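# Structural overview for review
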Amino acid sequence: MKRFITHGTRCLTLALICSALLAGAAAAGELDAFAGKKGKIDIAGGTAHIPVMKDAAKRIMQANPEIRISVAAGGSGVGVQKVGEGLVDIGNTGRPLSDDEVAKYGLKSFAFALDGVAVAVSPKNSVANLTAEQVQQIFAGKISNWKGVGGRDAAIHLYTRDEASGTREVFWEKLLKKGAIVETANVVASNGAMKSAVADDSDAIGYVSIGHLDETIKAPTLDGVAPTQENARSGKYPIVRKLYMNTKGTPQGLCAAFINYIMGPEGIRMTAAAGYLPLH
Amino acid sequence: MAARLLYCAAAVSALAVLAILAFLVYFSLPLFQGDQLAALFSWHWRPLQNEFGILPMIAASLALAVSSMLVAYPLALGVCCFAHGLGPDWAARPLLVAVRLMSSVPTVVYGLVAAFSLVPLIRGASSGSGLCWLAALLTLAVLALPTIVLLLDNQFQRLESEIRLTAAALGLTRVQEMLQLTLPLSSRGLVMAAILGFGRALGDTLVPLMLAGNAPQPPLSLLDPMRTLTAHIALVVATDSQSAAYNSLFACGLILFLLTVLVNLGLRRIRTGATAHG
Amino acid sequence: MADRQEKLSVAFAWLSALLVPALLAMVTGFLLRRGLPSLQVALWFGDTPPLAALLHGAPVFDGIWPACLGTLYLVALVALMAVPLGVASGIFLAEYAGGRTKLAFSFCIELLAGIPSILMGLFGFALILFLRRSFAPEANTCLLLSAFCLTLLVLPYLISSTRLAIESLPDALRLTGASLGLSHWQLIRRILLPASAPGIFSGVILAIGRAAEDTAVILMTGVVANAGTPGSLTAKYEALPFHIYYLAAEYQSPAELAQAFATALVLLALTGLLLLAARRLQAGLEIK
């Protein structure tokens, strides 16, 4: 079984590489926007964005080594602050900017993908369905044993994100209805860290961007609805948000080219490959 | 001319510490307006509800540093006594080489190894996630051990060359010499090593950040997650620069700085006491 | 009674002494087991041809080459800034300073030595905020800032090792200098510095090791997860310790986790080698 799975993923990787190569050939024209340009783009913020940003950076820098793109994490709060202070060129957020933030810094937002936030547990966990109310009670510390939601007799290990996280904000607003998250919860700093923490801990519960779901973690259905991109698109799965790139003022030069690239056909393919729904 | 240049270099080095202090104070100034200061001294860190208490972090930092010293210090003393008489002579040199090697292991490497060996072990043995005070405590103890051993070794070496003859004249064995002369005579050195080790443990960032779970709550159980001042700074440096959360960053920095000053004053007091007496 | 106490002490000393090699073996064994299989060319260069990366600077992705270069540049910059400053301060404290100046300066430097590295990072971060608000609105966290903050971190090591190396020279050397009619500066330049060079060098090497392994400072001052090879002093960069920290928390696949362990092996080898080099110099000194 295990061998079959690794074989399966290998085939999948191969297929992905092939399609990436094909896409690369087809999209050579899109990278022309960067030809002959020089300079750097610094990107920071939302951690759900990172796979797409990395992929784009890789393609652009391989086509034109004169351009340097750095990608840092931090969370949506960092994205807003850093781009607002001018410390980076593009600040990513996994939530819409508040009016305050727009007014204070003069930011411009570019939404490029639709994403959902899903509850995540270990694949070893037998719990396959949770109601919104159960999730609220778990995160408030009122249910502290998996037995309470139909699982085995074991303490629930809570994982949450830091305050800079847009994923946390969306999860807290839309699923927890701004209810309390108990202070004993472990705090991790990114979607990637959440995924590896939950994957390693068979009694864990946390929440990640749907794009980060894969076979190492399991997403129980929420009120009977599976957290998939299809259900997010159709509106059946309610815990959704958009992913934004933000710039201070209207983007210029390289930065504008980068945003156009992400919004263009090639960017749409990369966004979809990372597990998100492209908006255009 | 050369003397003046050298003076400038030394002045720059010495002033660096004042510059750090000045920046910390300058950026914590907003705290002293209104009721911000009182807000810091609460037991609840809930930025979304506008509560910015850093008491849990202060308590966690102190608890972690003290507890890891309680583990590391006796062991370090044991290692040092072993190398100076309680163990066979041939073993002393290789042991100290091993200690030096230990001291060269990067902090992040200790953190990585502990995260994937110690943490699953604790998780298996308890009902928690394994990311907790205990995991950070043990790792920090390992990290601080070589520092303390090397300091103590230095002390013992100096002392031994002074008392070797006396000990021989008294007909003491190596073990007796260690237990009855060297140890009691180096009490000041013992205290200094303890304080320095405490300072080292207090200032470490990576170990608590990677292993302690970072939940902002008072340290009540060894198996609960905790968040130290250092980890708090690393986590919060990220947030919005006008908010109170951001201010608390520099408040934490200032508190850490003051603790460092206290540690150094303590050391200095003991040392000047030592020269006055002997 | 006393005898029993003695026996207990000896037993405890054995126990703690055995713990040291046991811990070392556990840490290295664990790293070797988890990291050795991925210690291959691909670890360094990902899917970029190594020669293209080395000779033509082809961008490397999914490899630790950019992080190696980042750490290398960082360490070189730190050495460039910290060594002259640290050695000069050390000479001053050993040879020129006296009375209150010496007391005040050495207190400040001891204090600097005690400051947690995260505060150096916070200082760098605050410095950038300050610069941007005042006279350099373009200032940003970068390689140079990290190097500057790391310089502050390692400076005390350099100063005290230089000072110690000079102060522990035999008085006979000074007398020789005086009898040759050398000025104070000539004495330092021609006699004291050459004689204390091994001690100073070993301090330099240890300081470099410290700069190479620190994560907390660079975490706040410009290191990022993906930046390619460092482009300029004012660019963001990657570094080995941060790469390990990042992968430990963010690994997306077992292969990435194995890469973290392999990177840890590389860093461990680097700091271990630096330590051995420093020890050799010291040993040479002792034999003389």
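Scope of this entry: the structure provided in the associated data block. Since the structure is predicted, the reported quantities are computational estimates derived from the model, not experimental observations. (Residues numbered from 1 in each chain as written. Chains lettered and ligands numbered in written order. Predicted model: local features only at pLDDT ≥ 70, side-chain atom pairs only at ≥ 80, totals over all residues. Heavy atoms only, no water.)

## Structural notes on the overall build of chain C
Using the following cut-off: Strands are runs of DSSP state E lasting at least two residues, helices are runs of H or I lasting at least four, and both sets are numbered from the N terminus onward. For every residue, the accessible area obtained with a 1.4 Å probe (protein chains only) is divided by the maximum for its type, and the residue is called buried under 20%, exposed over 50%, and partly exposed between those limits.
If you tally the helices and strands in chain C, you get twelve helices and zero strands. Overall, chain C shows an N-to-C arrangement of helices and strands of α-α-α-α-α-α-α-α-α-α-α-α. Taken along the three principal axes of its C-alpha coordinates, chain C extends 70 × 65 × 40 Å. Classification of the 288 residues of chain C by burial places 55% in the buried group.

## Comments concerning the packing of aromatic side chains
Two measures describe an aromatic ring pair: the distance that separates the ring centres and the angle between the ring planes. Note the threshold: Ring pairs shown here join Phe, Tyr and Trp side chains whose ring centres sit within 6.5 Å, with only the six-membered ring taken for Trp; geometry is labelled stacked below 30 degrees between planes, edge-to-face above 60, and tilted in between.
Considering all chains together, one arrives at 24 aromatic pairs over all chains under this definition. The interplanar angle of 90 degrees and the centroid separation of 6.0 Å between the aromatic rings of Tyr26 of chain B and Phe130 of chain C together place this pair among those described as edge-to-face. With Tyr26 of chain B in helix H1 (residues 2–28) and Phe130 of chain C in helix H6 (residues 117–133), the pair connects residues from two separate chains. A connected cluster of aromatic rings, assembled from ring pairs, spans Phe23, Tyr26, Phe27 and Phe250 of chain B together with Phe123, Phe130, Phe135 and Phe148 of chain C.

## Overview of helix H11 (residues 229–236) of chain B
Within H11 of chain B, eight of the eight residues are buried, which leaves the element mostly enclosed by the surrounding structure. Within H11 of chain B, burial applies to Leu229, Thr230, Ala231, His232, Ile233, Ala234, Leu235 and Val236 of chain B.

## Topic: the pattern of salt bridges
To keep things clear, this is the line we draw: One side-chain nitrogen of Lys or Arg within 4 Å of one carboxyl oxygen of Asp or Glu is enough to make a salt bridge.
Within the structure shown, the criterion is met by 29 salt bridges over all chains. Between Glu66 of chain A and Lys38 of chain A there is a salt bridge, with its nearest N and O atoms 3.7 Å apart. One end of the pair, Glu66 of chain A, is in the loop between helix H3 (50–63) and strand S2 (67–74); the other, Lys38 of chain A, is in the loop between helix H2 (28–31) and strand S1 (39–45), and 28 residues separate them in sequence. Here Asp3 of chain C makes a salt bridge to Lys7 of chain C, at a shortest N to O gap of 3.8 Å. A residue pair is termed a helical-turn pair when its members lie 3 or 4 positions apart in one helix, as Asp3 of chain C and Lys7 of chain C do in helix H1 (residues 2–35) at four residues.

## Some points on helix H10 (residues 253–263) of chain A
Most of H10 of chain A sits out of view: nine of its eleven residues are buried. Three or more residues of H10 of chain A are buried, namely Leu254, Cys255, Ala256, Ala257, Phe258, Ile259, Tyr261, Ile262 and Met263 of chain A.

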